[in-house]
Amino acid sequence: MPGCELPVGTCPDMCPAAERAQREKERRLHRFEVAPGCRGDRPRADPQRAVKEYSRPAAGKARPPPSQLRPPSVLLATVRYLAGQVAERADASRAEVASFVADRLRAVRLDLALQGAGDAEAAVVLETALAVLLAVVARLGPDAARGPADPVLLQAQVQEGFGSLRRCYAQGAGPHPRQAAFQGLFLLYNLGSVEALHEVLQLPAALRACPALRTALAVDSAFREGNTARLFRLLRSLPYLQSCAVRCHVGRARRGALARLARALSTPKGQTLPLGFIVHLLALDGAEEARDLCQAHGLPLDGQERVVFLRGRYTEEGLPPAGTCRVLVGSKLGGRTLEEVVMAEEEDEGVERPKSPA
């Protein structure tokens, strides 16, 4: 509210001691937060692993004191811990990881909103948190409707993350060195949205001229025009985080391309195309994925290497196959960890970053 000065958080831990004790007492610790070697009915929280969970602010409830709020430096270290120690866990399903990480990142955004952080440091926290969220959601795939992760809720939280970050950009003059990249991520995540395109086109011309945003605008244009060759050529060239943002649209783009091929090539007797051409055109992960995609749309095969376009055979049922997207997404990590990808650009720009608390 106007005239109301917000406090600055003073909690030094990823999870306040009072919350750790309360959740330990109520047996609400996630297994990722339990102290190693702790067995029995009363698991203990590990201060180096417990992360503050999201709790919706109640109407009329007093604001939490500064001791319950983590300052921006601790919030950034928390996000780094989630990227480096939780997102890469091999002993948990991707759905479990995504559910845990998304909830804890939501708590990060809330802590930030409840205190008087500067626009520049708030933007860095929001950018890093959003990058981690985009990556863990992309690893799930757009059709992951089972397990503890709710894809609709995750999508809403990604949009919430973009909203918080873009409001932060609008409130202050910066500097925000990564603004063009994240405005581009916003457009890529909302590919084909008239509203998202309109918002991006309202940005200052100097920002729109940045390479990251120009590339995102080019991808959006190719997607709208149905220019399959240009679209997938651009998608191949995108860096890892941009590929994570656009992943949820890949299945729809491939379906649209296959439908256009069917309209152009289908005859009563059938015309054939090499599956290798489909693999290259749609940036698929191999001939097996191409065969599965064609058969999922009713297109018969001629042996193992060619697809037949017969008039009246092309069909669309349910959601388009998501695919593994190893070529378009997974391969772009290039041996790096998610933590390295998320933190690399800030460190390259010379901004000091705290070490992971783990």
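Per chain, residue numbering runs from 1 following the sequence as it is written. Where totals are concerned, whole chains, interfaces and linings use all residues; where local detail is concerned, this predicted model gives features only for residues with pLDDT of at least 70, and gives and counts side-chain atom pairs only at 80 or more. Values shown for side chains rest on all heavy atoms present in the structure; no hydrogens or waters enter the calculation.

The protein chain goes by SAC3 domain-containing protein 1 in an unreviewed UniProt entry, where it is assigned to Ceratotherium simum simum.

1. Describing the UniProt feature "domain: PCI" (unreviewed entry) in the protein chain
UniProt positions are given in the numbering used here, feature names are shortened, and annotations may be inferred rather than shown by experiment. UniProt annotation of "domain: PCI" (unreviewed entry) refers to residues 157–322 when read in the numbering used here. By the criteria applied, helices consist of DSSP H or I runs no shorter than four residues and strands consist of E runs no shorter than two, each listed in order from the N terminus. From the first C-alpha to the last, residues 157–322 spans 21 Å; its make-up is 62% helix and 6% strand.

2. What to know about helix α6 (residues 179–189)
Three exposure classes are used, based on accessible area relative to the maximum for each residue type with a 1.4 Å probe and protein chains only: buried under 20%, partly exposed in between, and exposed over 50%. Where burial is concerned, most of α6 is hidden: 11 out of the 11 residues are buried. Listed as buried for α6 are Gln179, Ala180, Ala181, Phe182, Gln183, Gly184, Leu185, Phe186, Leu187, Leu188 and Tyr189. The criterion used for residue contact is that any of the two residues' heavy atoms lie within 4.5 Å. Contacts from the buried residues of α6 go to α4 (119–140), α5 (151–171), α7 (194–201), α8 (205–208), α9 (211–225) and α11 (240–246).

3. What about the pairing of strand β3 (residues 306–309)?
Strand pairing is assigned whenever DSSP identifies at least 2 bridges connecting the two strands. Bridging between strand β1 (residues 271–274) and β3 involves 4 bridges; their strand directions are antiparallel. Among the inter-strand pairings, Pro274 is bridged to a residue of β3, identified as Arg306. Alignment of strand β2 (residues 301–302) against β3, held across 2 bridges, turns out to be antiparallel. The partner of Leu301 across the bridge, within β3, is Val307.

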